[in-house]
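Residue strings, one per chain:
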Amino acid sequence: MTIHNNEAKRVHIFDTTLRDGEQAPGASLHPEQKIVIAKQLAMLGVDVIEPGFPISSPGDFMAVQRISQEVHGVEICGFARSVKEDIDSAIRATEAAERRRLHMFLSSSNIHLDFQLRKSREQVIQIARSMVAYAKQFVERIEFSPMDATRTGDEFLFEMIEAVIEEGATIINIPDTVGYALPEEYGAMFTRVMDHVRGGKTVEYSAHCHNDLGLAVANSLAAIRAGVTQVEVTVNGVGERAGNCSLEELVMAIETRKEALGVETGIHTEHIYAVSQKVSRAMSFPIAFNKPIVGRNAFQHEAGIHQDGLLKNRNTYEIMDPDKLGVPRSMIILGKHSGRHAIKHRVSQFGVELSSEQMESLYVQFKELADRQKVVQDHQLLELIGHTVNEVLE
Ligand code: KIV
Ligand code: ZN
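What you see is a predicted model; the values in this text were computed from it and never measured.

Draft legend 1. Expanded view of the overall build of the protein chain. Along its length, the protein chain carries 15 helices and 12 strands. Counting over 394 residues, the protein chain shows a buried share of 44%. In the protein chain, of all internal contacts separated by at least 6 residues, the share reaching a separation of at least 24 is 71%.

Draft legend 2. Representation of the sheet that holds strand β2 (residues 12–15) in the model. The strand order around the closed barrel built from eight strands is β2-β3-β4-β5-β6-β7-β8-β9, with neighbouring strands paired in parallel fashion. Of the strands in this sheet, β5 (99–107) and β6 (142–147) are in contact with helix α5 (residues 121–136), which crosses β5 at around 170°.

Draft legend 3. Here's a closer look at the site of ligand 1. In the vicinity of ligand 1, the residues found are Asp20, Phe105, Ser145, Met147, Asn173, Pro175, Thr177, His208 and His210. When contributions to the shell around ligand 1 are tallied by element, the ones reaching two or more residues are β6 and β7 (171–176). A per-class count over the shell around ligand 1 returns three nonpolar, five polar and one charged.

Draft legend 4. Structural context of the nonpolar core. Ranked by size, the top nonpolar core spans 95 residues in total, and within it Ile49, Met104, Val132, Val164, Ala169, Val231 and Leu250 carry the most contacts. When residues of this core are assigned to their parent elements, the largest contribution, seven residues, is made by helix α8 (residues 216–226). Setting aside residues no more than four positions away along its own chain, Met104 makes contact with Ala80, Ser82, Ile87, Met131, Val132, Ala135, Ile142 and Phe144. Counting residues in each nonpolar core, the second largest holds 12 residues, with Leu310, Ala342, Leu381 and Ile385 among its members.

Draft legend 5. Focus on the UniProt feature "domain: Pyruvate carboxyltransferase" (unreviewed entry) in the protein chain. Mapped onto this numbering, the UniProt entry gives "domain: Pyruvate carboxyltransferase" (unreviewed entry) at residues 11–273. Helix makes up 44% of residues 11–273 and strand 17%. Its end C-alpha atoms lie 21 Å apart.

Draft legend 6. Seen up close, the packing of α5 against helix α6 (residues 154–167). Running from amino to carboxyl end, α5 crosses α6 at an angle of 25°, the nearest separation of the two axes being 8 Å. Between α5 and α6, the angle falls in the class roughly parallel. Judged by the sense of rotation from one axis to the other, the crossing of α5 with α6 is right-handed. When α5 is examined against α6, the residues Arg121, Ile125, Ala128, Arg129, Val132, Ala133 and Lys136 are found in contact with a partner set consisting of Phe156, Glu159, Met160, Ala163, Val164 and Glu167. In the contact of α5 with α6, the residues fall into eight nonpolar, no polar and five charged.

Draft legend 7. Summary view of the pairing of β5. Summarising burial for β5: eight of the nine residues are buried, a large majority. Two strands pair when backbone bridges link them, and strand β4 (residues 75–81) and β5 are joined in this way by seven bridges, in the parallel orientation. Residue pairing in the sheet places Cys77 in a bridge with Arg101 of β5. Handedness of the β4-helix α3 (residues 84–93)-β5 crossover: right-handed.

Draft legend 8. Structural view of the pairing of β2. Of the two faces of β2, both are covered, the one formed by His12 and Phe14 as well as the one formed by Ile13 and Asp15. As paired strands, β2 and strand β9 (residues 230–233) are joined by four bridges and run parallel to one another. Counted as the bridge partner of Ile13 is Val231 from β9. Inspection of the sheet shows β2 paired to strand β3 (residues 48–49) by two bridges, in the parallel sense. Along β3, the bridge assignment pairs Phe14 with Val48. Handedness of the β2-helix α1 (residues 31–44)-β3 crossover: right-handed.

Draft legend 9. Structural context of the environment of Val231. Position of Val231 relative to the elements: it lies in strand β9. Residues Val231 and Thr269 lie 38 residues apart in sequence; the distance between their C-alpha atoms is 17 Å.

What counts, and where the lines are drawn
Residues numbered from 1 in each chain as written. Chains lettered and ligands numbered in written order. Predicted model: local features only at pLDDT ≥ 70, side-chain atom pairs only at ≥ 80, totals over all residues. Helix = DSSP H or I, 4+ residues; strand = E, 2+ residues; numbered from the N terminus. Buried ≥ 20, exposed ≤ 12 C-beta atoms within 10 Å, placed from the backbone. Contact = placed C-beta atoms within 7 Å. Pairing = 2+ DSSP bridges. Axes fitted to C-alpha atoms, helices over the stretch in contact; angles between N-to-C directions. Near = placed C-beta within 6 Å. Nonpolar A, V, L, I, M, F, W, Y, C, P; charged D, E, K, R; others polar. Core = buried A, V, L, I, M, F, W, Y, C linked by C-beta atoms within 7 Å. UniProt positions renumbered as here; feature names shortened; annotations may be inferred. Parallel < 35°, antiparallel > 145°, perpendicular 65-115°, else oblique. Left-handed = near helix turned anticlockwise from the far one by under 90°. Right-handed = clockwise from strand over helix to strand, strands pointing away.

Shown next, in the form of structure tokens:
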């Protein structure tokens, strides 16, 4: 873990938008789109990119290969089941990367062993050992994920992690595959693994959270507090079902509450909005209006009291500066909740000066219109200003 000035510890951002994120229903990408997005992710400053699942299709293999060749300054991660063919494919696809790692996974919970793998615990440990040892011949950095770890008992989880560390795994990712964990449980799980697993202090740790209960960011923050040095995220939180931990939410929580959390990332936040828009369009995956950080309403204010406060000092109702995220300027939406101060401000932005009598008449007409529709657009306000000026002149 890198220690910087003011003692903030560096948390590495592992972006899996192009692998786990792409598993969101209907969000698949063409290889060319993946290459463009990977370049943007590198510019954004993520530390690791997982660009796909090479064995899953020729297109994905090609995308991972081209990204390994063309995207610089970032570690590229090949993804594989604990199966020789997958490992071979991921190793080949990432051959040209400046820095690379292999990410292997194998289920650890009883429900997965019984119904999905249909294997005994002994067999699973044996597979994990032999496949990590096999992969270690080709690549130094091996990340291992016990899938469905948060629904796995400690005893078996520790045994599996111990086995893969012995065979050479260097990064242990503990996924909350089904988004089941609570923050305090998830953090405590890392602490127990770090303390009790043989060799547990020799590896790096990573969090990978799904958002089924809306806890992915909270769980990732709990893991950071427990000492993980990597978090796996996706842009806009896209991913299976309710998605993965959202990159922009996690990064801005760390950025905004740096002192409380004592960590930092290498993300260049000014590119967040552009990357979010790019991913949303490429995946044809709309962003909810109220999505934190990148949603349409994230920096818009309608209530009169809020608008009044903002016009006096933006910190009254904003904890982040939208300019620093590349979000188009914070907007004041004019609607039925807007007060005189906000309307006056918008009128002055048009370069129009109204007497107090005109302003009062405009305010009355504005409220009547706002009651009939959700938002009063600028051109409608301009029309009202026209009426007001004429009316008072008549
Ligand atoms: O959610 C999950 O368990 C995964 C792993 C394979 C890391 O995506
Ligand atoms: Zn996942």
